[in-house]
Amino acid sequence: MNTGAELLFLKPVLKERIWGGSRLRTEWGYESARESGLGECWAVSCNEQADSVVAEGRYQGMTLSQLWAEAPELFGAHAGERFPLLVKIIDAKEDLSIQVHPDDAYAKAHGLGMGKRECWYILDCPQDAELIVGSRAESREEFERLVRAQKWDALLNRVPVRKGDFIQIEPGTLHAITAGVELLEVQQNSDITYRMYDYVRPRQLHLTEGLEVARAPYRIKAEDVVHTDGRVNTPQLLVTTADYQVWTVCVSGALAPDMACESFLIGSVIEGSGRIDGRPVEKGMHFIVPNRYAVRRLEGEMRINLAAPMPRRKVAGGMRPAPIIYYFQDKVRVSFEIPQSSAG
Ligand code: ZN
């Protein structure tokens, strides 16, 4: 195992945003000529707007889209389709717009590629921070009425969060990141956003499309927020959907996770520093664990988040997500199946 295979470290791409801050530079060490207005780090990206470049090793200088096309063996069961995921760090100095994303079916029907399912791991936030997730409308009619009347305070559902929390945002969920929050986002590789409200900013809105794709009534409750539980040296599964699984692992000392999956993994060091299979790493580094590479040893004092795209297998009627991500705990293989509810 791991013969010839190596971790693929990628160079981040910074994106200016009018609501962005300066923490991507000052706290994450990413280089930018700009002082502020740095909203997003596209850490692992393979699309028209940013193509990650391999920073070192055998594939140094190649883009992710080149690797995707020319070295499909690195990606296992996903080869041939569009690169499935996009991983970002978002620094919201100000409130982001209230928005909603379509699902795969809507995107496909409108010639827009794939929909956008996303999730958030809270890296930092003010005390008493709240995120906007879903609406308080009791019915579809009430939802539309409140949107058209711009009654945002009555409509928006707010969920309290603190550092280390995790929230899954299904397509069609009205949502917004609020001022001061910094988070790691794992999402489908899509950028379709329908903006419903943008405070005093003059950017374009997309109310018609937004109303078409919005789920209502739909809200997330405080108990739907996943809290990281402080366990050390044992990966914690945060979510399983039809598109991805996301894990977090707090490393203290050393562990031998033997972690691999049938497609590939995207890793992000979000706190501290240490070594992965002997290679020094620190906060702000992002890498791909290619197919058939098992992470053998993690050492140091750090937290790493891992995202695994769901492998797709051909079945009668088309492609279906066919997950398996696993790790070995006390020499027992622990694997996770996709829940039926999100298998569609
Ligand atoms: Zn979003």
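Computed from a predicted structure; not experimentally measured. (Residues numbered from 1 in each chain as written. Predicted model: local features only at pLDDT ≥ 70, side-chain atom pairs only at ≥ 80, totals over all residues.)

### Here's the deal with the overall build of the protein chain
Part 1 of the argument: Assigned secondary structure in the protein chain consists of six helices and 25 strands.
Part 2 of the argument: Classification of the 344 residues of the protein chain by burial places 44% in the buried group.
Part 3 of the argument: Of the contacts made within the protein chain by residues no fewer than 6 positions apart, 73% connect residues no fewer than 24 positions apart. (Helix = DSSP H or I, 4+ residues; strand = E, 2+ residues; numbered from the N terminus. Buried ≥ 20, exposed ≤ 12 C-beta atoms within 10 Å, placed from the backbone. Contact = placed C-beta atoms within 7 Å.)

### Looking at the sheet that holds strand β12 (residues 182-188)
Part 1 of the argument: Within the open sheet, the seven strands sit side by side as β2-β3-β5-β12-β7-β10-β14. Their pairing is antiparallel. Whereas interior strands pair on both sides, the edge strands pair on one side only; in this sheet they are β2 (13-21) and β14 (226-227).
Part 2 of the argument: In terms of strand pairing, strand β10 (residues 165-169) meets β14 through two bridges, oriented antiparallel. Each residue of the ladder has a partner; that of Phe166, found in β14, is Val226. (Pairing = 2+ DSSP bridges.)

### Here's the deal with the confidence of the model for the protein chain
For residues with low pLDDT, the predicted coordinates do not support detailed interpretation.
Part 1 of the argument: Mean pLDDT over the protein chain stands at 89; residues scoring 70 or higher make up 88%.
Part 2 of the argument: Contacts from residues 337-344, a stretch scored under 50 in pLDDT, to residues over four places away or in other chains number 13 contacts. (pLDDT = per-residue confidence, 0-100.)

### Some remarks on the pairing of strand β15 (residues 236-240)
Part 1 of the argument: Pairing between β15 and strand β16 (residues 244-255): four bridges, direction antiparallel. Paired with Thr240 across the bridge in β16 is Gln245.
Part 2 of the argument: Here β15 folds back onto β16, and the loop between the two strands holds three residues.

### Quick notes on unusual backbone geometry
Part 1 of the argument: A cis geometry characterises the amide bond from Ala216 onward to Pro217, with omega recorded as -5°.
Part 2 of the argument: Summarising the element assignment, Pro217 is placed in the loop between α6 (207-213) and β14.
Part 3 of the argument: With a phi angle near 60°, Gln150 is a residue other than glycine that sits in the positive phi range.
Part 4 of the argument: Its location among the elements puts Gln150 in the loop between α4 (140-148) and α5 (152-155).
Part 5 of the argument: The residue Tyr199 is not glycine, and still its phi comes out positive at about 55°.
Part 6 of the argument: C-beta crowding within 10 Å serves as the criterion here: with 13 such atoms nearby, Tyr199 is assigned to the partly exposed category.

### Re the pairing of strand β18 (residues 265-276)
Part 1 of the argument: For β18 and strand β20 (residues 286-289), the ladder comprises four bridges, and the chain directions are antiparallel. Directly across from Ile266, in β20, lies its bridge partner Ile288.
Part 2 of the argument: As defined by bridge partners, β18 adjoins strand β21 (residues 298-309) across 10 bridges and the pair is classed as antiparallel. For Gly267, the partnering residue across the bridge sits in β21 and is Leu306.
Part 3 of the argument: Pairing of β18 with strand β19 (residues 279-282), which is carried by four bridges, proceeds in the antiparallel orientation. Following the sheet pairing, Arg275 is matched in β19 by Pro280.
Part 4 of the argument: Connecting β18 to the antiparallel partner β19 that follows it, the hairpin turn spans two residues, and Asp277 within it adopts a positive phi of roughly 45°.

### Topic: the nonpolar core
Part 1 of the argument: Residues Leu10, Leu183 and Ala307 are the most contacted members of the largest nonpolar core, which totals 94 residues.
Part 2 of the argument: Broken down by element, the residue count for this core peaks at seven residues, all from β16.
Part 3 of the argument: Non-local contacts of Leu183, meaning those with residues more than four positions away in its chain, are made with Ile90, Trp120, Tyr121, Ile122, Leu123 and Ile177. (Core = buried A, V, L, I, M, F, W, Y, C linked by C-beta atoms within 7 Å.)

### So, the environment of Arg136
Part 1 of the argument: Among the structural elements, Arg136 can be located in the loop between β8 (130-135) and α4.
Part 2 of the argument: When the 15 C-beta atoms within 10 Å are taken as the criterion, Arg136 is described as partly exposed.
Part 3 of the argument: The residues touching Arg136, leaving out its near neighbours within four places in the chain, are Leu155, Asn157 and Arg219.

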